[in-house]
Amino acid sequence: SQFDTLKKVMDGREELVHMAVHDLRTPLNLIAGASELLSRSAAASLSERQKYHIASIMANVQRLEDCIGQILYLAKSEHGSLVLHPQSVDVVKLLERICSEFRDRAQQQNIRVELSAPLSEFALHLDEDLVTRSVENLMNNALKYSMEGECIHVSMDFVEQPRVVTIRVTDNGPGVPPDFQELLFEKFARAEDSQRKVAGTGIGLAFCRMVANAHKGSIEYQRAEPRGSTFALRLPSVEAATAPSGI
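About the criteria used
Residues numbered from 1 in each chain as written. Predicted model: local features only at pLDDT ≥ 70, side-chain atom pairs only at ≥ 80, totals over all residues. Heavy atoms only, no water. Salt bridge = Lys/Arg side-chain N within 4 Å of Asp/Glu carboxyl O. Buried < 20%, exposed > 50% of the residue type's maximum accessible area, 1.4 Å probe, protein only. Helix = DSSP H or I, 4+ residues; strand = E, 2+ residues; numbered from the N terminus. Patch = residues over 30% accessible without salt bridge, like charges linked within 9 Å, V, L, I, M, F, W, Y side chains within 5 Å. Areas by Shrake-Rupley, 256 points an atom, 1.4 Å probe, with all protein chains shown as cover. Expected span 1.5 Å × (residues − 1). Bend = angle between axes of the 7 residues up to and from the residue. Contact = heavy atoms within 4.5 Å. Pairing = 2+ DSSP bridges. Phe/Tyr/Trp six-rings, centres within 6.5 Å; stacked < 30°, edge-to-face > 60°. Core = buried A, V, L, I, M, F, W, Y, C linked by side-chain atoms within 4.5 Å. Axes fitted to C-alpha atoms, helices over the stretch in contact; angles between N-to-C directions. Polar contact = N/O pair within 3.5 Å; in protein donor to acceptor, adjacent residues only side chain to side chain.

Asker: Give a description of the pattern of salt bridges that names residues and reports values.
Answerer: Under the criterion given, the structure shown has 7 salt bridges. Between Lys 93 and Asp 90 there is a salt bridge; the shortest N-O distance is 3.7 Å. For Lys 93, a relative accessible area of 41% gives the class partly exposed. The salt bridge involving Glu 128 is made with Arg 97; its shortest N-O contact spans 4.0 Å. Of the two residues, Glu 128 sits in helix 4 (residues 128–145) while Arg 97 sits in helix 3 (residues 91–108), which places them 31 residues apart along the sequence.

Right under this line is the structure:
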């Protein structure tokens, strides 16, 4: 039947993705190890330009490892085998740390990063690794699409009972075309941009939706005015390990 044929195609595609992901990890680990060894053992004899290139190699290896990790998380979610590992997380501190890390990159593009938090601390039970990766994805997107001299604004709202936090990341980029918004959180979906060629894999927002659903929360896109995008990640407190509801 057509259903069986489609299932075989989908299963074959997933198997190919798994093989490719696992095959990539070994050479990436070797590149990372060699780069770190070179950086440590020959640090005194390296020029500043050589140090810069080694640091660039290590940073890009880390980006690829993060991408591989997110693909594997998505696969686990789709097969119902992803389990959250919640712990008490101070969301204000988490956002402060992420914004601080992104400011250095943003300054290179003459872009400001601002954080608005109504409290000095607000803790709830979340899977810290998954939430961190999600916010970093939103920040990466904002940085990609922001123009020089603009500002990325990160904010949070909260509810005490039940404990819920909503994290918003707003940029001043071109926004998402209306005809693409329905596909925005699908895997490998990429909007055509006739003015700017922006690199990406098309899995970042799908990963964010997976994390939101795993926490029984949500993620929404909102058009910012007069231009730009706001992504709102709503996360309730999770008190025990739980499997996601799917993406």
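Asker: Would you mind going over a nonpolar patch on the surface in detail, with residue names and values included?
Answerer: Where nonpolar side chains cluster on the molecular surface, the patch consists of Ile 31, Ile 57 and Met 58 and spans about 230 Å² of accessible area. By the element assignment, Ile 57 lies in helix 2 (residues 48–78). Owing to a relative accessible area of 39%, Ile 57 belongs among the partly exposed residues under this scheme.

Asker: Could you give me a rundown of helix 3, with the residues and numbers involved?
Answerer: Relative to the 26 Å expected for 18 residues at 1.5 Å per residue, helix 3 spans 26 Å between its end C-alpha atoms, a close match to the ideal helical length. Of all the bends in helix 3, the greatest, near 30 degrees, is centred on Phe 102. Residues Val 91, Val 92, Leu 94, Leu 95, Ile 98, Cys 99, Phe 102 and Ala 106 constitute the buried set of helix 3. Residues of helix 3 that are buried in the fold lie against strand 1 (87–90), strand 2 (112–116), strand 3 (123–126), helix 4, strand 4 (151–159) and strand 5 (164–171).

Asker: Can you tell me about the pairing of strand 7 (residues 229–236), naming the residues and giving the values?
Answerer: Burial analysis of strand 7 places 7 of its 8 residues in the buried class, which makes it a mostly covered element. By the bridge criterion, 8 bridges tie strand 5 to strand 7 in an arrangement that is antiparallel. Among the inter-strand pairings, Asp 171 is bridged to a residue of strand 7, identified as Ser 229. Strand direction decides the pairing type here: strand 6 (residues 218–223) and strand 7, joined by 6 bridges, are antiparallel. In the sheet register, Ser 218 faces strand 7, and the bridge partner there is Arg 234. Here strand 6 folds back onto strand 7 in antiparallel fashion, the turn holding 5 residues, of which Gly 228 has a positive phi close to 115 degrees.

Asker: Help me get a handle on the packing of aromatic side chains, residues and values and all.
Answerer: Evaluation of the coordinates by the stated rule reveals 2 aromatic pairs. Centroid distance Phe 122 to Phe 158: 5.0 Å. Interplanar angle 45 degrees. Geometry classified as tilted. Placement of Phe 122 in the loop between strand 2 and strand 3 and of Phe 158 in strand 4 is noted, with a sequence separation of 36 residues between them. By relative accessible area, which is 2% here, Phe 122 ends up buried. Considering the side-chain rings of Tyr 221 and Phe 231, the 5.4 Å spacing of their centres and the 55 degrees angle between planes classify their relative orientation as tilted. With Tyr 221 in strand 6 and Phe 231 in strand 7, the pair connects residues that are 10 residues apart, well separated along the chain.

Asker: How would you summarise the nonpolar core if you had to cite specific residues and measurements?
Answerer: In this structure, Val 91, Leu 95, Val 135, Met 139, Val 165 and Leu 184 are the most contacted members of the largest nonpolar core, which totals 46 residues. Secondary-structure elements contributing two or more residues to this core are helix 3, strand 3, helix 4, strand 4, strand 5, helix 5 (204–214), strand 6 and strand 7. In terms of residue count, helix 3 provides more of this core than any other element does, 8 residues in total. Contact partners of Leu 95, with chain neighbours within four places excluded, come to Leu 115, Val 135, Val 154, Met 156 and Ile 167.

Asker: Kindly report on the sheet that holds strand 2, identifying the contributing residues and their values.
Answerer: Across the sheet, 5 strands lie side by side as 2-4-5-7-6; this open sheet has mixed pairing. The open sheet has two edge strands, strand 2 and strand 6, and neither has a second partner. Strand-to-strand twist across the sheet, computed as the mean angle between neighbouring axes with direction ignored, equals 15 degrees. Of the strand pairs in this sheet, strand 4 and strand 5 are connected by 7 bridges, and their pairing is antiparallel. Across the sheet, the residue bridging to Ser 155 is Arg 168, located in strand 5. Across the sheet, helix 4 touches strand 2, strand 4, strand 5, strand 6 and strand 7, and the angle it forms with strand 5 is around 20 degrees.

Asker: Explain the side chain of Ser 146 to me, and be specific about the residues and the numbers.
Answerer: Following the sequence through the fold, Ser 146 ends up in the loop between helix 4 and strand 4. Relative accessible area serves as the criterion here: at 2%, Ser 146 is assigned to the buried category. Within the structure, the side chain of Ser 146 is placed 2.6 Å from the backbone oxygen of Ala 142, a separation counted as a polar contact.

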